[in-house]
Amino acid sequence: MPSPSRRTVLATGSAVGGALLAGGMPAQARAADHADTSDSDPWRTVLDDADLVWQRMPKTWYEGPYLGNGFLGSGIYAEPGAETKAVRFNVQHSEVQDHRPEFGSLFGLARLPIGWFTLEPVGAITGLDWRLGLRDAELTGTLTTDQGTLTLRALVHNSRSVLAVEVTPSEGERDFRWVFHPADAISPRADFKPLPDGYQGNPPAEVAEHDGVSTAVQPLLSGGQHVTAWRERTRGGTRCLYVHVAHSYPKSTALGRALTTVRGASALPYDRLAGTHRTWWHAYYRKSFLSLPDARIQRFYWIQLYKTASAARRDAPVMATSGPWLESTPWPNTWWNLNVQLEYWLIHGSNHLELDAVTRALSEFRGNLSKEVSDRYRADSLGIPRTTDPHLVNGAAGTLTGYGVGIPGQDPPTPEVGNLTWALHNVWLSYRHTMDESILRDVLFPLLRKAINYYLHFLEPGTDGKLHLPATFSPEYGGNSRDCNYDLMLLTWGCRTLLESAERLGIKDASAPRWREVLAQRVPYPTDANGFMIGADIPFAKSHRHYSHLLAVYPLYELTGRTPDELALIEKSLAHWVGFEGALQGYTFTGAASMSALLGKGEDALRYLGQLMTRFIQPNTMYKESGPVIETPLSAAQSLHDMVCQSWGGVVRVFPALPAAWADLTVHDFRTQGAFLLSAVRRGGVTRWVRLVSEAGAPCVVRHGIAGAIDVRDGRGRPLRYRDVSDGTIQVALRKDESALITARGERPDLTIAPVRPNADAPRWGLPA
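Basis of the calculations
Residues numbered from 1 in each chain as written. Predicted model: local features only at pLDDT ≥ 70, side-chain atom pairs only at ≥ 80, totals over all residues. Heavy atoms only, no water. Helix = DSSP H or I, 4+ residues; strand = E, 2+ residues; numbered from the N terminus. Rg over C-alpha atoms; globule rule 2.2 N^0.38 Å. Buried < 20%, exposed > 50% of the residue type's maximum accessible area, 1.4 Å probe, protein only. Core = buried A, V, L, I, M, F, W, Y, C linked by side-chain atoms within 4.5 Å. Contact = heavy atoms within 4.5 Å. Pairing = 2+ DSSP bridges. Axes fitted to C-alpha atoms, helices over the stretch in contact; angles between N-to-C directions. Salt bridge = Lys/Arg side-chain N within 4 Å of Asp/Glu carboxyl O. Expected span 1.5 Å × (residues − 1). Phe/Tyr/Trp six-rings, centres within 6.5 Å; stacked < 30°, edge-to-face > 60°. Lys NZ or Arg CZ within 6 Å of the ring centre and 35° of its normal. Parallel < 35°, antiparallel > 145°, perpendicular 65-115°, else oblique. Left-handed = near helix turned anticlockwise from the far one by under 90°. Nonpolar A, V, L, I, M, F, W, Y, C, P; charged D, E, K, R; others polar. pLDDT = per-residue confidence, 0-100.

Quick word on the overall build of the chain
- Along its length, the chain carries 20 helices and 38 strands.
- Radius of gyration (C-alpha) of the chain: 26 Å, near the 27 Å computed for a compact globule of 769 residues.
- Its C-alpha atoms give the chain principal-axis dimensions of about 75 × 70 × 45 Å.
- Every one of the 769 residues in the chain was classed for burial, and the buried ones make up 63%.

The structure is reproduced here in structure tokens:
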């Protein structure tokens, strides 16, 4: 099937920086050639301010710098047990995995650790001063010892996939050394759970030299190999280490590719590599802009954009729970009952569809999705289990080795059946934010049709005349329940989306009457005095980190508080959910923040984000639950998006849930549903102007938030006709590539895109002194 169109993944922006003029060409387009070096460049200002710093030695993955390009990743911290003697540069790769499906996704198909380099100074380490520069995606700084200093620069090159570390030693540190330590090629889950019967680790890596290039060749029992190749080059007073990882299966071809890559990269001085690397990153950030007066949160936000592009690419594997930075973890693969969905939400509003691996992977590996349901349903159904490898393969099912797609009404292994439908909601978001019909026609509709077909096999009429689901499992809560809200909510969204998609595509589908019947006859979502239940058999009665029973509220936006009773139900359910301490985790608070934003409660949303920051986010903005997981900080960026802009239900809502402290705010080229690029400025608690650029000519309805009479003008400053929909909401007819600027009547505000002043100072992320 065709992949999404090139138009989608390029995710174009409308401007580069400076001022948006009401008439004529945007000023920033004329100033683009100079924007990168100008002291007034807003992107440079916010990115330099967000740099992480270390003036104390990081001791774990949760504290140290990290570099990556979606494939190769390196986390940097003190060598455990030798903090004054060496610094560890981990070398991990998102494609490196085992290939023994008989042991399941968590052992036999797990991501495999590769190894690490230690930078070993001559003297004992006494101090450091490091900066992770977001704008250049580069670590720079010094390492001080009792014998001298080591000045370093490090990056993982965006396209060459090479870790390059340049070190300039002082005289006393000229004899520092690099040492590579191959890791045992065994599933990291072995540190937490017993090995399956018959499972054994892969043989040790074989270290060798090849005409000046060192290699560690890791053979796999399943066939294939992964290879780490490295070379150190001396130029003048500097020494530069070049490292590449290659993986091949079932053939053993990785060695040749690794040697070729390292030889080519090492022929280039560090500055030559850094130049092309920086060009990509500078262009990446300029696709959108956000500045708000909370310095700590603003820095956090830009770090998440850095982290996402370090961990994700459209052609890279869908992010595993720890991204490319594999560590000891019970979660050594890709998780589909929440993690994947949360990891990729922020790419839409931030205008970074070029990172959408979810749409690409579900399309490319759709043939494996039918194999994840039982034999008798494979002809017309698809599913995705709780865990898979990058090819969407689960392998053996069981509580230790992986979790398959269950059969509703049957207990073993775990009848969690809604994960594919929820993942396809991410695909739907990519469609809605681009209006690229190829996503709808070639990926979403055919896959969602078969995901919903699986549910339709089990729906049964009850004595009440309603359609019911037999027992299924609500992720994380425990226990099986009839009419489980997780599944009912996803089934409802799926049927409605199929009907709307078929209408847009001009498809007369034979299943459409059945989808309509489900929407008309489906049993109401089970509720009790405390709000939404887990299902008809299980009340919500204990602490629970997951909002699996609340998906109709967020992120599906089916229930939004349109009536007093619906609003009361949402508020009651939210309060009851977060009211149980004990099992709450970080993404509990990002979900609560986004639900509060839906209700327009900016103060509550900020309070939940504050709890997340103080209780769960680590010094380098990473996150942990038993092992390293990265979805929660990334979903916090989406919670921030939800406070700044919402576009569900065909309406673009500008600044819908800002706390009073955020009186000033600037957003530029924020991508919304309908394929609009939003720019807007708020000053002194008042929205000064709103600009929307239409990429697809979709219906444009905007709740602009500007009090009183307004002017609406096109890109040349001419009045545009509009229709009042309701108080503060208008509809404007925009064709593709046309724009609308909304201001208070008679106002000609300053249209400059610039950072806002922080309300107060805040410490930098990292480990500052």
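Anyway, onward from the coordinates.
A look at the nonpolar core
- One finds Tyr285, Trp302 and Leu362 to be the most contacted residues of the largest nonpolar core, which totals 214 residues.
- Apart from residues lying up to four places away in sequence, Leu362 is in contact with Trp336, Leu369, Ile384, Leu392, Leu420, Ala423, Leu424, Val427 and Leu447.
- Residues Val162, Ala164, Cys240 and Leu273 belong to the second largest nonpolar core, which totals 10 residues.

A word on the sheet that holds strand 4 (residues 72-78)
- An order of 3-4-5-6-11 is seen for the 5 strands of this open sheet, with the pairing classed as antiparallel. Each having just a single partner strand, strand 3 (66-68) and strand 11 (177-182) make up the two edges of the open sheet. Taking each pair of neighbouring strands and ignoring which way they run, the sheet shows an average axis angle of 20°.
- Bridging between strand 3 and strand 4 involves 3 bridges; their strand directions are antiparallel. Looking across to strand 4, one finds that Gly68 is bridged to Gly73.

Some thoughts on the side chain of Arg100
- Looking at where Arg100 falls in the secondary structure, it is placed in the loop between strand 5 (87-93) and helix 5 (104-108).
- Take Arg100: its relative accessible area is 6%, and that puts it in the buried class.
- Apart from residues lying up to four places away in sequence, Arg100 is in contact with Gly108, Leu109, Tyr199, Gln200, Asn202, Leu221 and Ser222.

So, the pattern of salt bridges
- Scanning the model with the defined rule gives 35 salt bridges in all.
- A salt bridge links Arg153 to Glu166, with the shortest nitrogen-to-oxygen separation between them at 2.9 Å. One end of the pair, Arg153, is in strand 9 (residues 148-156); the other, Glu166, is in strand 10 (residues 163-169), and 13 residues separate them in sequence.
- The class of Glu166 is buried, set by a relative accessible area of 12%.

Overview of helix 19 (residues 602-615)
- With 14 residues, helix 19 extends 20 Å between its outermost C-alpha atoms, agreeing within 8% with the 20 Å of an ideal straight helix rising 1.5 Å per residue.
- On its buried side, helix 19 packs onto helix 8 (295-311), helix 17 (564-578), helix 18 (586-598) and helix 20 (631-644).

Some details on the pairing of strand 12 (residues 206-210)
- Taken together, the 5 bridges between strand 12 and strand 13 (residues 213-219) define a ladder with antiparallel strand orientation. Each residue of the ladder has a partner; that of Glu209, found in strand 13, is Ser214.
- Between strand 12 and strand 13, which pair antiparallel and follow one another directly, the connecting turn spans 2 residues, one of which, Asp211, has a positive phi of 50°.

Looking at the sheet that holds strand 31 (residues 686-694)
- In space, the 6 strands of this open sheet follow the order 16-29-30-31-36-33, with antiparallel pairing throughout. Lying at the two open borders of the sheet, with one neighbouring strand each, are strand 16 (289-291) and strand 33 (710-713). Across this sheet, the average inter-strand angle for adjacent strands is 20°, counted without regard to direction.
- One ladder, built from 4 bridges, connects strand 33 with strand 36 (residues 739-744); its direction is antiparallel. Note on strand 36: the bridge partner recorded for Val712 is Ile742.

Comments concerning the packing of aromatic side chains
- For the structure on display, the rule yields 39 aromatic pairs.
- Here Phe103 and Tyr199 contribute two aromatic rings whose centre-to-centre distance is 5.4 Å and whose plane-to-plane angle is 90°, an arrangement assigned as edge-to-face. Of the two residues, Phe103 is situated in the loop between strand 5 and helix 5 and Tyr199 in the loop between strand 11 and strand 12; the sequence distance between them amounts to 96 residues.
- By relative accessible area, Phe103 is classed as buried at 11%.
- With a centroid separation of 5.6 Å and an interplanar angle of 85°, the aromatic rings of Tyr554 and Tyr557 are classed as edge-to-face. As far as the burial class goes, Tyr554 and Tyr557 line up, both buried.
- Put simply, the rings of Trp43, Tyr66, Trp280, Trp281, Tyr284, Tyr285, Phe289, Tyr301, Trp302, Tyr306 and Trp325 pair up and form one aromatic cluster.
- Positioned above the aromatic ring of Tyr525 is the side chain of Arg522, whose terminal nitrogen or guanidinium carbon lies 4.0 Å from the ring centre.
- One cation-aromatic arrangement involves Arg607 over Tyr608; the distance from NZ or CZ to the ring centre is 4.7 Å.

Concerning unusual backbone geometry
- The residue after Tyr249, namely Pro250, is reached through a cis peptide bond having omega 5°.
- In this fold, Pro250 is placed in the loop between strand 15 (238-248) and helix 6 (254-266).
- The omega angle of the peptide bond from Tyr554 to Pro555 is 10°, so this bond is cis rather than trans.
- Along the chain, the position of Pro555 falls in the loop between strand 24 (531-532) and helix 17.
- Unusually for a residue other than glycine, Ala137 sits at a positive phi of about 50°.
- With respect to the helices and strands, Ala137 occurs in the loop between strand 7 (125-133) and strand 8 (138-145).
- Here Glu476, not a glycine, exhibits a phi torsion of approximately 80°, which is positive.
- Here Glu476 lies in the loop between strand 21 (472-473) and strand 22 (480-481).

Points about the packing of helix 14 (residues 437-456) against helix 15 (residues 485-505)
- Packing of helix 14 against helix 15 leaves a shortest axis separation of 9 Å and a crossing angle of 140°. Taken as axis vectors, helix 14 and helix 15 run oblique relative to one another. Regarding helix 14 and helix 15, the two cross each other, and that crossing is left-handed. Contacts between helix 14 and helix 15 involve Glu437, Leu440, Arg441, Leu444, Phe445, Leu448, Arg449, Ile452 and Tyr455 on the former and, on the latter, Asp487, Leu490, Leu491, Trp493, Gly494, Cys495, Thr497, Leu498, Ser501, Ala502, Arg504 and Leu505.
- For the contact of helix 14 with helix 15, the per-class residue count stands at 13 nonpolar, 3 polar and 5 charged.

Some details on the pairing of strand 32 (residues 700-703)
- Of the strand pairs in this sheet, strand 28 (residues 652-654) and strand 32 are connected by 2 bridges, and their pairing is parallel. Bridge pairing links Val652 to Val702 in strand 32.
- The pairing of strand 32 with strand 35 (residues 729-732) spans 4 bridges and is antiparallel. For Arg703, the partnering residue across the bridge sits in strand 35 and is Thr729.

Here we look at the confidence of the model for the chain
- On average, residues of the chain carry a pLDDT of 93, and 94% of them reach 70 or more.
- Below a pLDDT of 50 lies the segment residues 1-38, which in the model reaches 98 contacts outside its immediate sequence neighbourhood of four places, other chains included.

Looking at helix 17
- Look at helix 17: 21 Å from first C-alpha to last across 15 residues, which is about the 21 Å you get at 1.5 Å a residue.
- Within helix 17 the residues assigned to the buried category are Glu566, Ile570, Ser573, Leu574, His576, Trp577 and Val578.

Some thoughts on the packing of helix 18 against helix 20
- It is at 9 Å that the axes of helix 18 and helix 20 come closest, and there the two elements cross at 10°. The angle between helix 18 and helix 20 falls in the class roughly parallel. The segment helix 18 lies against helix 20, with Gly586, Tyr587, Thr590, Ala593, Ser594 and Ala597 engaging Glu631, Thr632, Ser635, Ala636, Gln638, Ser639, Asp642 and Met643.

Quick notes on the environment of Leu751
- By the secondary structure assignment, Leu751 is in the loop between strand 36 and strand 37 (752-753).
- Among the residues examined, Leu751 registers a relative accessible area of 10% and is labelled buried.
- Along the chain, Leu751 and Ser679 lie 72 residues apart, while their C-alpha atoms are 9.6 Å from each other.

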